[in-house]
Amino acid sequence: MKDLYSSTRSKEVQVRDVDAILNSLAEDGGLYVLDDLINKVLPLKQMLTMSYQDIANTILKMLLPSMQEEAIMQCVANAYGSNFNDEHITPLKKLGGQYVLELFHGPTCAFKDIGLQLLPQLMKTILKNEQKQQVMILTATSGDTGKAALAGFQDVNQVGISVFYPDGKVSEMQKLQMVTQTGRNTAVCAIQGNFDDAQSAVKTIFNDTMLAQQLMQDGVTLSSANSINIGRLIPQIVYYVYAYLQLVKQEEIAWMEEVDFCVPTGNFGNVLAGYYAKMMGLPVHKFIIASNENNVLYDFFTEGTYNRDRPFHKTISPSMDILISSNLERLLYYASNQDADYITSLLDKLQKEGTYKINDQLKKRLDTMFYAGYASDEETSTSIKKVYKDCGYIMDPHTAVGYKVMQDYLAKNTKHTCVLLSTASPYKFAPQVYQAIYDEDIKGDEFSLMEKLSKSTNTEIPKPLQDLRKLKVLHNDVIKKEDIADYVQKKIKEVLL
Ligand SMILES: *Cc1c(COP(=O)(O)O)cnc(C)c1O
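The following refers to the structure shown. (Residues numbered from 1 in each chain as written. Predicted model: local features only at pLDDT ≥ 70, side-chain atom pairs only at ≥ 80, totals over all residues. Heavy atoms only, no water.)

1. Things to note about the site of the ligand
Inspection of the region around the ligand gives 15 residues, with Lys-112, Asp-144, Gly-266, Asn-267 and Thr-423 positioned closest. Take Gly-266: an N or O atom from its main chain is 2.8 Å from an oxygen atom of the ligand. In the environment of the ligand, an oxygen atom lies 3.2 Å from a nitrogen or oxygen atom belonging to the backbone of Gly-269. Its free accessible area being 380 Å², the ligand has 98% of it covered by the protein chains. (Near = heavy atom within 4 Å. Polar contact = N/O pair within 3.5 Å; in protein donor to acceptor, adjacent residues only side chain to side chain. Areas by Shrake-Rupley, 256 points an atom, 1.4 Å probe, with all protein chains shown as cover.)

2. Details of the packing of aromatic side chains
Enumeration according to the criterion identifies 22 aromatic pairs in this entry. Ring centres of Tyr-240 and Phe-287 lie 6.2 Å apart, and the angle between their planes is 80 degrees; this geometry places the pair in the edge-to-face category. Of this pair, Tyr-240 sits in helix α10 (residues 230-249) while Phe-287 sits in strand β11 (residues 284-291), placing them 47 residues apart in sequence. On the basis of an interplanar angle of 85 degrees and a centroid distance of 5.5 Å, the ring pair of Tyr-276 and Tyr-334 is categorised as edge-to-face. Of the two residues, Tyr-276 is situated in helix α11 (residues 269-279) and Tyr-334 in helix α13 (residues 328-335); the sequence distance between them amounts to 58 residues. Taking the relative accessible area as the measure of exposure, Tyr-276 reaches 6% and is therefore buried. Cluster of aromatic residues (ring-pair linked, three or more members): Tyr-239, Tyr-240, Phe-261, Phe-268, Tyr-275, Phe-287, Phe-300, Phe-301, Tyr-306, Tyr-356 and Phe-370. (Phe/Tyr/Trp six-rings, centres within 6.5 Å; stacked < 30°, edge-to-face > 60°. Helix = DSSP H or I, 4+ residues; strand = E, 2+ residues; numbered from the N terminus. Buried < 20%, exposed > 50% of the residue type's maximum accessible area, 1.4 Å probe, protein only.)

3. Remarks on the nonpolar core
Counting residues in hydrophobic clusters, the biggest one holds 119 residues, and the most contacted among them are Phe-261, Tyr-275, Phe-301 and Phe-370. In terms of residues, this core owes the most to one element, α10, which gives 14 residues. Setting aside anything within four residues of it in sequence, one finds Phe-261 in contact with Tyr-240, Ala-243, Leu-282, Val-284, Lys-286, Phe-287, Ile-288, Val-419 and Leu-421. Membership of the second largest hydrophobic core comes to 38 residues, among which are Met-173, Leu-410, Ile-437 and Ile-461. (Core = buried A, V, L, I, M, F, W, Y, C linked by side-chain atoms within 4.5 Å. Contact = heavy atoms within 4.5 Å.)

4. A word on the sheet that holds strand β1 (residues 5-7)
Strand order in the open sheet formed by three strands is β2-β1-β3, and the pairing between neighbours is antiparallel. This sheet does not close on itself; its edge strands, each paired only once, are β2 (10-15) and β3 (32-34). Pairs of neighbouring strands in the sheet enclose a mean axial angle of 45 degrees, with direction left out of account. (Pairing = 2+ DSSP bridges. Axes fitted to C-alpha atoms, helices over the stretch in contact; angles between N-to-C directions.)

Here is the structure:
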């Protein structure tokens, strides 16, 4: 069936789109992919006059064929309205000779809102037809997904949510955003270790078939709000299309002229959505993949070898402190002409040996579409300072990693217009940004530094961050990763049963 989603590791594992969203991960541990994606062609000409919301409606209808059109429109209207503080949802701005696409105008001030304002709406709609079913969302976060998922799923009927973040390895502001979360169905917990520990702990629960069977008897399914869920990935295709059409409308590029996108990357969700847009006909020349010092993707795209055995660096762009990029599996699936056996063999190697090498043919194919680079913390800070001085534009550290890598790329490649994706508000990382611009030893807490940054640059603090100061801390749990199953069972009893 061409409208079914299958697993990256076996074409025999097939489900409907709505079940792919509810279950998140395929039963064989693979990720859900739509084989027919290569035949879906974006109606770009028609989209030229559409609003952000209508582009979203069109793309969702193409990729979630079993959902009703009116239901999709309702979901989109609920997800992208006054909860964003810019009517364009993702405004495109000029930055020097290039462009920056701001993805941080949602309620939690990071790009995760684009996926996570919509995913809960989709789940709510799907669950309306399954009255006896409940879902527990489990999410590992490197800082921004957690809050965005909590904000999206707070008090959604038939759904509970547990967020796991690496203890001491998210920014103070990110932590505060999460531990002050209200809602009768929310749980937030620190895990001792780094993001990969949190993510692998969550994955062990998804692979625990005994637990799944036991929960099924209570009518509870486990699901994820990470970008392994297609319900979060699909909404991210929209802003690539929207940005492209804006460039055409502003007569910056000719119709069907190719552009480059530069994407600050961790779990490879954001870039993958762009690759989907390209597969569906968006004229993209290259994706520029920007990493911080955790440059496992840089090594992979330059050498063809993925090796997760390497030191973990804590950087000033914590949402990209990731060594295991889950969504790379989907890219390899499509780029290998949907060879599930080959993907299984690579992932087996990764599991057993911590590394794999792709064949030359696949490597060559990736070379035609991707360029990779990375930035140290120092280069990141220097970029923040330089762009503020030269253009008066304030970048957060993640965006600045992208900027640095984009400059390296542009030094040799100037043929195409390049769009840099800005993934967070600079106010989410005010101490790092302030220090980068003013070279001062910073004193004071996050809030006083936000104010200092606001006064000195004459820009506004986003309201959701400003308001955080008044909120009470409601979540204090810290656990070892071995204890995650017990924790989840306890929370299911508390918030769902
Ligand atoms: C999550 C995140 C990233 C990385 O995005 P991926 O989809 O995981 O590649 C980059 N920047 C910020 C601010 C983020 O929150």
